[in-house]
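What follows is each chain in one-letter form.
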Amino acid sequence: MKEKIEALKLKFEEELSGARESQLAEQIRVAYLGKKGSITELLKLLQNVPNEEKKELGQHINQLKKYAEESIAERLEAIKKAETERLITSAKKYDVTLPLTELSGSYSPITLVQREVEEIFASMGFAIEDFSEIVNDYECFESLNIPKNHPARDMHDTYYLDNGQLLKTHTSAAQNYIMRKYGPPLRAIFPGRCFRNESIDASHENTFFQLEGIMIDKNISISNLIYFMKAMLSEVFERDVNVRLRPGFFPFVEPGFELDINCLICGGEGCPSCKNSGWLELCPCGMIHPRVLEMGGIDPEEYTGFAFGLGLTRLAMMKYGVKDIRDFNSGSLKVLSQFKHI
Ligand code: DAH
């Protein structure tokens with residue numbers, strides 16, 4: 001039996017040293033220490049061993065068990081560390097201090113992210129729509145259940161034209177037009193440039209990009225919303241992302257949520273980027289308010305739908321590790337030419 005224990009230890013060590021992902025380490029734990037694991041089975045065999053050998057063998061097996069438990073914990077720790085390192089290096093694709101090497105045109109990083117998200121949604125059957133940057137009060141507010149004097153308008157101060165039209169403050173302004181254009185069932189995304197009267201700093205600009213999406217059909221629920229968001233974000237960040245929903249208020253959805261993803265820098269442990277919470281706020285969303293459906297000519301008794309408003313600028317900042325939002329509109333070739341190679 002002693003040899004059996006030694007052989008098992010060697011086999012365990014060999015398998016564990018090959019485990020580069022936490023899932024594999026977990027599988028090894030189950031294979032050795034689980035209810036039917038090899039080490040657990042050895043302990044069961046002890047019953048049939050003559051009494052005089054029992055004590056020594058028992059000690060050996062228990063030592064092996066302890067060793068296996070500790071080794072797996074260490075391995076998991078190392079895997080997590082390696083994953084975090086990988087995340088940090090992959091977020092460092094962009095460096096504003098690099099010298100300018102060649103002068104030639106390149107796509108804006110926002111265009112790059114936009115195209116990527118468009119492709120993902122197109123593959124899931126979403127139409128891609130465009131909408132004017134100049135809209136009217138009905139499109140931007142009234143049709144979204146934000147009547148005149150509603151406090152939600154405070155956050156949407158913008159630039160007004162003499163004729164009462166305005167520069168759109170959010171891509172939601174196209175919702176009504178798209179509902180009327182397609183009728184139910186429908187799935188569409190509509191990216192666009194938005195404008196607000198903001199005090200400008202490293203994370204606020206008066207001009208930024210959003211990408212809105214709506215899906216309306218019979219029996220659409222929050223699970224559909226979570227599924228599509230998760231599928232899209234996992235593609236964008238090229239890995240499985242965890243999401244969570246927190247309640248959030250927007251007059252045009254009920255219920256409304258803030259969707260967070262696990263921090264990409266620390267993987268959820270907590271770091272300065274996520275203010276130690278392990279989560280990053282990414283995308284407000286919710287189930288479209290029945291009044292909004294009605295105003296879009298859709299019967300809320302028959303149809304339900306979800307909507308989301310993804311901050312494209314924010315997404316580009318996260319994906320490329322851009323720390324200052326002002327870099328995007330700076331027109332600096334030193335900044336923009338770097339994205340050609342990404
Ligand atoms: N339009 C909102 C804004 O910019 C964001 C938003 C929230 C869009 C919830 C949505 C949504 O589609 O469901 O403040």
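Just so it is clear, the structure is predicted and the values come from calculations on it, not from any experiment.

Caption draft 1: Seen up close, the site of the ligand. Around the ligand sit 15 residues, and of these His170, Ser172, Arg196, Gln210 and Glu212 come closest. In this structure, an oxygen atom belonging to the ligand sits 2.9 Å away from a side-chain N or O atom of arginine 196. The contact in question runs from an oxygen atom of the ligand to an N or O atom on the side chain of glutamate 212, over 2.7 Å. Here the ligand has 360 Å² of accessible area as a free molecule, and 93% of this is covered by the chains. Elements represented by at least two residues in the shell around the ligand include exactly β5 (207-217), β8 (279-288) and β9 (304-311). In the shell around the ligand, the residues fall into seven nonpolar, six polar and two charged.

Caption draft 2: Inspection of the pattern of salt bridges at higher detail. Per the counting criterion, the structure on display carries 20 salt bridges. With a shortest N-O distance of 2.7 Å, glutamate 129 and lysine 181 are connected by a salt bridge. Placement of the pair is glutamate 129 in the loop between β1 (127-128) and β2 (134-135) and lysine 181 in helix α7 (residues 175-182), with a sequence separation of 52 residues. According to the relative accessible area criterion, glutamate 129 is buried, its value standing at 8%. Of the residues examined, lysine 181 reaches a relative accessible area of 46% and is grouped as partly exposed. Linking glutamate 142 and lysine 148 is a salt bridge whose minimum nitrogen-to-oxygen distance equals 3.3 Å. In this structure, a network of salt bridges that share partners links the residues Asp137, Glu142, Lys148 and Arg153.

Reading guide: rules and limits
- Residues numbered from 1 in each chain as written.
- Predicted model: local features only at pLDDT ≥ 70, side-chain atom pairs only at ≥ 80, totals over all residues.
- Heavy atoms only, no water.
- Near = heavy atom within 4 Å.
- Polar contact = N/O pair within 3.5 Å; in protein donor to acceptor, adjacent residues only side chain to side chain.
- Areas by Shrake-Rupley, 256 points an atom, 1.4 Å probe, with all protein chains shown as cover.
- Helix = DSSP H or I, 4+ residues; strand = E, 2+ residues; numbered from the N terminus.
- Nonpolar A, V, L, I, M, F, W, Y, C, P; charged D, E, K, R; others polar.
- Salt bridge = Lys/Arg side-chain N within 4 Å of Asp/Glu carboxyl O.
- Buried < 20%, exposed > 50% of the residue type's maximum accessible area, 1.4 Å probe, protein only.

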